[in-house]
Every structure is written in C-alpha cells, then in structure tokens.
Amino acid sequence: MKRIIGLLLLLALGGCGNHRHIGATRSVSVPATAVGTFDNHEQVSRERAGTALPPHVVATIEPTAQPDWAIWRIHVGQRPELDVLWAMHAVDGGVFVPHRALIALPATGASFDPKQWTPLDACALRGTVAATGFKVAADAALCAALIPGIGAQAPWLPLAAEREGEWLHLRLYVDQARGADAREDLRKVVIFSGWAAINGAGPAAAADNTNWHMDRAIRIGSEGGRVPLTWRDGSASGYSLGLERMTYREGNMPVLKLSVIDERNGSTLAYAWANPEATRIGINLGWVQVGLQREGESDR
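These remarks concern the structure in this document. By convention here, each chain's residues receive numbers from 1 onward along its written sequence. Under the rules for a predicted model, residues below a pLDDT of 70 receive no local features and side-chain atom pairs below 80 are neither given nor counted, while totals for whole chains, interfaces and linings still include all residues. Excluded from the side-chain calculations are hydrogens and water; all other atoms, namely the structure's heavy atoms, are used.

**Focus: the sheet that holds strand β12 (residues 191-199)**
Right, on to step 1. Overall, antiparallel pairing links the four strands, which are arranged β13-β12-β19-β18 in an open sheet. A strand with exactly one partner marks an edge of an open sheet, and here the two such strands are β13 (212-221) and β18 (280-284). Neighbour to neighbour, the strand axes of the sheet diverge by 10° on average, direction disregarded.
Right, on to step 2. In this sheet, strand β19 (residues 288-294) lies alongside β12 in antiparallel orientation, the contact comprising seven bridges. Looking at the pairing, Ile-198 lines up with Val-288 of β19. Pairing between two strands is assigned when DSSP locates at least 2 bridges connecting them. Helix and strand definitions follow DSSP, with helices as H or I runs of at least four residues and strands as E runs of at least two, each counted in order from the N terminus. What counts as an axis is a line fitted to C-alpha atoms, over the stretch in contact for a helix, and the angles between N-to-C directions run from 0 to 180 degrees.

Written out as structure tokens, the structure reads:
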C-alpha cells in the first residue's frame, strides 16, 4: 500500500511543474514537417451515419521562437465549439512533453515563454521522431493520474500522434470512450486562392447581362473550406464556395471537389472535380465563374 501511495505522489509531482524534462534533458528541434494545419473533415463526413461519430477536429501545429517548442492548437467543432492550447516540448530520445498554460493568455510565436507553461510529464508521448515525421504515444494509465488536475481541457489532450505524408493521426484522451483503436485522421490543409465572379441576376442571368461582381481575394482551404460569394459592396449574395478532399467508389477514387452552394438551404447547385494533386481548379456556370490556384505554385 505504501508503495502505491508513493507512486501516485510521484506522478502528481511530475505533472505540477517540478520537473522540466523527462529522463534525458537535451532538447531537439521540432520537425519542420510537423508544422501546419490539419483537419479531419473527410473522416467526419464519411462516418456521419456511424454510431461512434468522431469529433470534428482541426489541429494547428505552430513553431515558436525556440526550435524545440511548438504550440498545438486543437479546435473542436462541436456545439459549443471550443479551442484548446498545448505547448509541446521536443527532447531527445523521441519524446514530446505536453505542457498546459499557467495563465489565461500565454504568449505564442516570437513571444513564446516556457515559464508560462507547466509540464505534464506523466503524459509524455514517446516513440520515434525524425525529420520526415513522428510516431509517439503516451502511457494512458500513467497519464490518467494527472487528468483531474488538468480541468476542462483534459479530454482534448493528445495520447498518441503520428505524422506521415499528408496525414496527422491523433488519438485524444476523449477517444478512449470510442474504443481501443479510435482516433482522428486529419489531412494537411492546402490553401487555394484566386478569383470569383457572380452575376447580379443570379442563376437566372441572361447571357448578355454584364452586371458582374468580382472578388479577386478568394482564399479557401482544401479540407471542407467555405467562403461566401459577395456583391461588390461586400454584402452576401446568398451563395458560397466549398472546397474539400473526398473519396468515392468505396475508397478507390480520391478527388478535390469545388462546389457552389445555396446558402438558403445548404444545397449544392453544381460542383467540379479534379485530382487531389491538382494545382488549379475552377468552375463556370455562366452566372458564376471561379478560378483557383494552389498557393505556392507559379502562374506558368
């Protein structure tokens, strides 16, 4: 009994900021491939009819001024929506140590300060960390000892993470209720930018109607992104664009899909497909025309 009590006390101390690192103390740089925004839009859309519906999660991993630290932003698109912030410290031996904030609004980016965070050592993620990605996981049983002290953010603490190719696979603490293999499969968001023109007469516009409203500042993400089509004064037209990666034919046909959506009822009026690697995508319905290009690609 004394040994059990002693172990619990040690775990509690490990998550309260008394130990800055676990085991080896040499810091390592966060892999550059880890940085980005990732969204499980397709997973949620595909499993919408399932009984164990995964939460809609958007994870953004941001660098800080210190190369061995990164900010993990977890946005959960449930009702009500919520945002959770973790600081992740990379140390040698393939270890990511999650930290929770000690203040309400901790500094991030260039102003990041480790002193504003406290480590959750018992929830450290261990595994393989390389320049091309990582695969790490925490001991859920050890981590459970810290959960009551973390508060309302605890369900969204990463218990496992794998970065491979365009994917970020996350298993959050809350996923344990959905089964041993439950996780979120998030794909990296690619931004497309370009222009959209909508005729003032809408779908009923005649061919000779020249009342065009042009927007040359369209920016939309590839994982369920949505932007409104507006009139030249900036007011809503009642229509929007949607962009998403989807897979059809029982998983054998991945596509990039651009849709024109009627905001009154959410219905899709028309759509165009391209291959997922496409650098350009567009649509022309006569009364609405759109041209988008993957950001970072040349105009050639």
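The structure having been displayed, the exposition proceeds.
**What to know about the packing of aromatic side chains**
For any pair of aromatic rings, the description rests on two quantities: the centre-to-centre distance and the angle between the ring planes.
Right, on to step 1. Pairing of aromatic rings covers Phe, Tyr and the six-membered ring of Trp, with a centre-to-centre limit of 6.5 Å; geometry is then stacked below 30 degrees between planes, edge-to-face above 60, and tilted otherwise. By the definition in use, this model includes eight aromatic pairs.
Right, on to step 2. Judged by centre distance (6.2 Å) and plane angle (35°), the ring pair of Phe-112 and Trp-117 falls under tilted.
Right, on to step 3. Look at Phe-112 and you get buried, because its relative accessible area is 6%.
Right, on to step 4. Ring plane angle 20° and centroid distance 5.2 Å describe the contact between Tyr-248 and Trp-273, whose orientation is recorded as stacked. Taken together, the residues span a long stretch of sequence, with Tyr-248 in strand β15 (residues 236-248) and Trp-273 in strand β17 (residues 267-274) at a distance of 25 residues.
Right, on to step 5. Burial classes: relative accessible area under 20% of the type maximum marks a residue as buried, over 50% as exposed, and values in between as partly exposed (1.4 Å probe, protein chains only). Its relative accessible area of 39% is what places Trp-273 among the partly exposed residues.

**Here's the deal with the pattern of salt bridges**
Right, on to step 1. Here, a salt bridge means any side-chain nitrogen of Lys or Arg that lies within 4 Å of a carboxyl oxygen of Asp or Glu. All chains considered together, the criterion is met by eleven salt bridges.
Right, on to step 2. Across the pair Glu-62 and Arg-73 runs a salt bridge, and its minimum N-O distance is 2.6 Å. Note that Glu-62 is positioned in strand β2 (residues 57-63) and Arg-73 in strand β3 (residues 69-76), a separation of eleven residues in sequence.
Right, on to step 3. Bridged by salt links that share partners, the residues Glu-42, Glu-166, Arg-187, Glu-223 and Arg-245 form one connected network.

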